[in-house]
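Structural overview for review
Listed below are the residues making up each chain.
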Amino acid sequence: IEAAGKKYYTVVGKPKSAELEHRHCRHPLIDRVSLVILGEHVTLEAGTGAVHTAPGHGQEDYQAGQRYGLDILAPVDDAGKFTKEAGLDYLTGVFVEDANDTVVKKLEEAGALVKSDKITHQYPHCWRCKKPIIFRSTEQWFISMEKNSLRKKSLAAIEDVQWIPPWGKNRIGGMLECRPDWCISRQRLWGVPIVALVCGSCGISHSTHALVEKAAKIFEKEGSDAWFVRPVEDFMVPDFACPSCGEKKRFGKEKDILDVWFDSGVSYAAVLETEEGIREPADLYLEGSDQHRGWFHTSLLTSIGTRGRPPYKRVLTHGFVVDGQGKKYSKSAKNYVPPEVLINKHGAEVLRLWVSSEDYRDDIRFSDEILTRLVEAYRKIRNTSRYIVANLYDFDPDRDTVADGELTEIDRFALHALNGFVSKMAKCYEEFEFHMISQALVRFCTVELSAFIFDIMKDRLYCEKKDGVLRRSAQTVLFRMGDAMVRVMAPILSFTAEELWRYLPGFKGKPGSVFLSKYPEAEKEFTDEKLGERWEKLRQVRETVTKALEIARAAKTIGNPLDAKVVIEAPGETEEFLKSFGAALPDLFIVSGVRFGAASGDHVFASEEIAGLKVAVVPAEGAKCERCWKKSETVGTSASHAGICARCASVVG
């Protein structure tokens, strides 16, 4: 009213909306009247509150038109141009957007235009070409959600599926509960045709099982394009008549194609039901979170409707890739980097490690900085693998493997730790916790192996007798470690695993590729929880010793841990525990000597974890062995090997 100006109106009353319902208005350009209806979708916040209704050009208008019995008029053709049904000859053949100026002019000529202006408002656009969308009502093919209880059966079926993450079940369930009937037809010039015949008398389309079967046999040989190439007679079946009017001769082919989501929704039939050796239903469907509305959704509907069961046992959903700031990662945002650029810079394995290390259940952050951090993680895995194969150069598993009963205690602990790792990783794979696998793999290589087991094992590998039990025991464990680790990492670090597999020593029955091998099984005979607790306790003491050594090195009292001797002051129970390791204790702490007594001097470290434990560091007695680098009072006692200790002299002798 304010825009029109006072000279154009006079207030004659203020009726309620219900008083105007079912009254009529005169059309300003066509000799007809228009019915006044009420619509809850029309609000004062979005306009004047009085608007025109076009039941053939909008969902809310269509629903309102259905309630009031309005004709579903849609006078716009496939090209977006007005047809004769519009009732105005000067609009026939004119594109709807181009008709605006003409209509405004005609209203002005008729004296029916109060004011013409332009406003900015929201309007739906095509996500792909970015152009405005024209809504119009057309004849379509639908799958009913209520007939044959398709909705009810589908909602019940999602309870039998494992959804990863679990919120996927609620997401697809909510969509199924409120979704309308499924429109499966599209008006395009390409695609899979809807096999139906259009009656030449009444114009109604019909499809039967016999028609579809005959078309399927032709499609199997020639492809679905045969529908558009062959004459309609090639698809007719004997005695076919129009179920609506009885016509038997005049028929045309349906021109609509199937919704592409229907095509993808029946992919299980093409993949699982035609190939030998493949089971159905599928073990896993994997896609992005948007597919609860798409592929997961349509696959479920078609399978429930035709097979009576879900097409999958499990459904895994992942997030989308975003950049370091959380912005969508895409070409249009200009933050997209082609994979080949990253592969050339960092290698394919680092990219694979990034994929596996991210928690896919949320959006996945990616940047060059993130990838660079993973380079170091990959280097740790690769260096651990190199360490293993480098120390197996002379090891033949079929000949040199040490019997289980002859393995040293730390080697048995190493296999216990390996069992735990293998079992945990198997569970993670089964539950699709890939980010936990990559993290655990890095930790196993750095914390369990490099910083502890391998650190202690070095002396035996480098200084003990080449074919002696002590060295072969260490190599036996190294081989088992490498053989299990390569199989665990294969799904994630495929190239590294295959390379490592080639360098691991051959054995009887070794497959030609790691991908022809089986996932490792935990060796139950080496699962020993008491042994694990014993060595974890030793590891705590070792950490205290290591901190004391760091203090001594910082003070330059020692240069290398093997220059040191540690004095351990501990409560009786802890002391007895440490003494149970006997002469191996210096090797476990990587020092040249261990003594029990009062810890005193300038370099004493008191444990915060173990009450009463103190460690002092003093220079070790004796000379440095030129071979093992340990300090020993036995250096020089061998007449033929003056510069080495008694142990090394025995080995080289």
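The structure under discussion appears in the preceding block.
So, here's what we can say about the structure.

The rules we used
- Along each chain, residues carry numbers from 1 onward, in the same order as the chain's sequence is written.
- Only residues with pLDDT of at least 70 get local features here, since the model is predicted, and only at 80 or more are side-chain atom pairs given and counted; chain-wide, interface and lining totals rely on the full set of residues.
- Side-chain measures were taken over the full set of non-hydrogen atoms in the model, leaving aside hydrogen atoms and water.
- In DSSP terms, a helix is any run of H or I states spanning at least four residues, a strand is any run of E spanning at least two, and both are numbered starting from the N terminus.
- The globule rule used for comparison is 2.2 Å times the number of residues to the exponent 0.38, while the radius of gyration itself is calculated over C-alpha atoms.
- We call a residue buried when its accessible area falls under 20% of the maximum for its residue type, exposed when it is over 50%, and partly exposed in between, using a 1.4 Å probe and counting protein chains only.
- The criterion used for residue contact is that any of the two residues' heavy atoms lie within 4.5 Å.
- Only the protein chains shown count as cover for residues, and all accessible areas are computed by the Shrake-Rupley method using a 1.4 Å probe.
- Only buried residues count toward a nonpolar core, which is a set of Ala, Val, Leu, Ile, Met, Phe, Trp, Tyr and Cys residues joined through side-chain atoms within 4.5 Å.
- Polar contact is defined as a pair of N or O atoms within 3.5 Å, subject to the rule that within protein one atom must be able to donate a hydrogen and the other to accept it, and that residues adjacent in sequence are counted only when both atoms are side-chain atoms.
- Paired strands, as defined in this entry, are two strands with at least two bridges between them according to DSSP.
- Angles run from 0 to 180 degrees between N-to-C directions of axes, and those axes are lines fitted to C-alpha atoms, restricted for helices to the stretch in contact.
- A patch consists of residues whose relative accessible area exceeds 30% and which take part in no salt bridge; residues with like charges are grouped when within 9 Å of each other, and nonpolar side chains (Val, Leu, Ile, Met, Phe, Trp, Tyr) when within 5 Å.
- A pairing counts as a salt bridge when a side-chain nitrogen of Lys or Arg comes within 4 Å of a carboxyl oxygen of Asp or Glu.
- Each angle receives one of four descriptions, namely roughly parallel if under 35 degrees, roughly antiparallel if over 145, roughly perpendicular if within 65 to 115, and oblique otherwise.
- A clockwise turn of the near helix away from the far one marks a right-handed crossing, whereas an anticlockwise turn of less than a right angle marks a left-handed crossing.
- Think of it this way: a Phe, Tyr or Trp ring, Trp meaning its six-membered ring, pairs with another when their centres are within 6.5 Å, and the plane angle makes it stacked under 30 degrees, edge-to-face over 60, tilted otherwise.
- The arc under discussion is defined with respect to the helix axis, by the directions toward the C-beta atoms.

Description of the overall build of the protein chain
- From N to C terminus, the protein chain includes 22 helices and 20 strands.
- Against the compact-globule benchmark of 26 Å for 653 residues, the protein chain has a radius of gyration of 40 Å, which places it well outside the compact range.
- When its C-alpha atoms are laid out on the principal axes, the protein chain stretches across 125 × 70 × 45 Å.
- Looking at the protein chain residue by residue over its 653 residues, the buried ones come to 40%.
- Of the contacts made within the protein chain by residues no fewer than 6 positions apart, 65% connect residues no fewer than 24 positions apart.
- Accessible surface for the protein chain amounts to roughly 38,200 Å². Of this, 52% is attributable to carbon and sulfur atoms.

Focus: the nonpolar core
- Membership of the largest hydrophobic core comes to 90 residues, with the highest contact counts inside it found for I453, M481, W535, L538, V566 and F589.
- With 13 residues, helix α16 (residues 434-463) is the largest single contributor of residues to this core.
- When neighbours within four sequence positions are excluded, L538 is seen to be in contact with F577, L578, F581, L585, L588 and F589.
- Of all hydrophobic cores here, the second largest spans 25 residues; its members include M145, I158, I184 and F262.

Let's talk about the environment of C245
- Mapped onto the elements of the fold, C245 is located in the loop between α7 (226-229) and β9 (251-253).
- By relative accessible area, which is 42% here, C245 ends up partly exposed.
- Separated by 41 residues in sequence, C245 and I204 place their C-alpha atoms 9.1 Å apart.
- C245 has contacts with C199, S201 and C202, leaving out every residue within four places of it along the chain.

Comments concerning the environment of K530
- Along the chain, K530 falls in helix α19 (residues 529-554).
- Look at K530 and you get exposed, because its relative accessible area is 71%.
- Separated by 117 residues in sequence, K530 and F413 have C-alpha atoms that sit 9.9 Å apart.

Some points on the side chain of T317
- By secondary structure assignment, the location of T317 is in strand β12 (residues 314-318).
- Classification of T317 by relative accessible area gives buried; the value is 2%.
- Within the structure, the side chain of T317 is placed 3.3 Å from the side chain of H292, a separation counted as a polar contact.
- When residues no more than four places from it in sequence are discounted, the contact partners of T317 are I164, P165, W167, E287, G288, S289, H292, F296, Y360 and R361.

Here we look at the sheet that holds β12
- Strand order in this open sheet of 3 strands is β4-β12-β11, and the pairing throughout is parallel. Here the strands that pair on one side only, and so sit at the sheet edges, are β4 (162-164) and β11 (285-288). Direction aside, the axes of adjacent strands within the sheet are offset by 15° on average.
- The pairing of β4 with β12 spans 3 bridges and is parallel. Across the sheet, I164 pairs through a bridge with L316, a residue of β12.

Examining a nonpolar patch on the surface
- Together, L189, W190, V260 and W261 give the surface a local cluster of nonpolar side chains, amounting to about 480 Å² of exposed area.
- Relative to the helices and strands, W261 is located in helix α8 (residues 260-265).

Focus on the pairing of strand β18 (residues 614-619)
- Judged from the 6 bridges that link them, strand β15 (residues 564-569) and β18 form a sheet pairing that is antiparallel. Across the sheet, K565 pairs through a bridge with V618, a residue of β18.
- In the sheet, strand β17 (residues 604-606) pairs with β18 via 3 bridges, with the strands oriented antiparallel. In the sheet register, F605 faces β18, and the bridge partner there is V615.

Observations concerning the side chain of T544
- Secondary-structure assignment places T544 in helix α19.
- For T544, a relative accessible area of 3% translates into the label buried.
- Reaching out from T544, the side chain makes a polar contact with the side chain of S607 at a distance of 3.5 Å.
- In this view, T544 contacts F605, S607, L613 and V615; residues no more than four positions away in its chain are not counted.

Examining the packing of α16 against helix α17 (residues 469-489)
- Contact geometry of α16 with α17 gives a least axis separation of 10 Å together with a crossing angle of 165°. With respect to their mutual orientation, α16 and α17 come out roughly antiparallel. In this structure, α16 crosses over α17, and the sense of that crossing is left-handed. From α16, L441, F444, C445, L449, I453, F454, M457, R460 and L461 reach across to α17, where they touch L470, R471, S473, A474, Q475, V477, L478, M481, M485 and M489.

Describing the packing of aromatic side chains
- With the rule as written, the count across this model stands at 22 aromatic pairs.
- With a centroid separation of 4.3 Å and 20° between ring planes, the pair formed by Y285 and W295 is classed as stacked. Taken together, the residues Y285 in strand β11 and W295 in helix α10 (residues 295-307) connect sequence positions 10 residues apart.
- Y285 gets classed as buried once you look at its relative accessible area, which sits at 4%.
- A centroid spacing of 5.3 Å and a plane angle of 90° characterise the contact between F577 and F581, whose relative ring orientation is edge-to-face.

Digging into the sheet that holds strand β16 (residues 593-596)
- The strand order β16-β15-β18-β17 describes an open sheet built from 4 strands, whose pairing is mixed. The open sheet is flanked by β16 and β17, the only strands paired with a single partner. Within this sheet the neighbouring strands show an average axis-to-axis angle of 20°, counted without direction.
- Running at roughly 45° to β18, α19 makes contact with β15, β17 and β18 of the sheet.

Quick word on the pattern of salt bridges
- In this structure the tally under the stated criterion is 38 salt bridges.
- Measuring nitrogen to oxygen at the nearest pair gives 2.8 Å for the salt bridge that ties D400 to R399.
- When its relative accessible area of 10% is taken as the criterion, D400 is described as buried.
- By relative accessible area, R399 is classed as exposed at 57%.

Section: the pairing of β11
- Inspection of the sheet shows β11 paired to β12 by 4 bridges, in the parallel sense. Opposite G288, over in β12, you have H318 as the bridge partner.

Things to note about helix α4 (residues 150-157)
- Buried within α4 are the following residues: L150, R151, S154 and A157. The buried side chains of α4 occupy one side of the element, clustering within an arc of 130° when seen end-on.
- Each element contacted by the buried residues of α4 is listed here: β3 (142-143), α5 (167-178) and α10.

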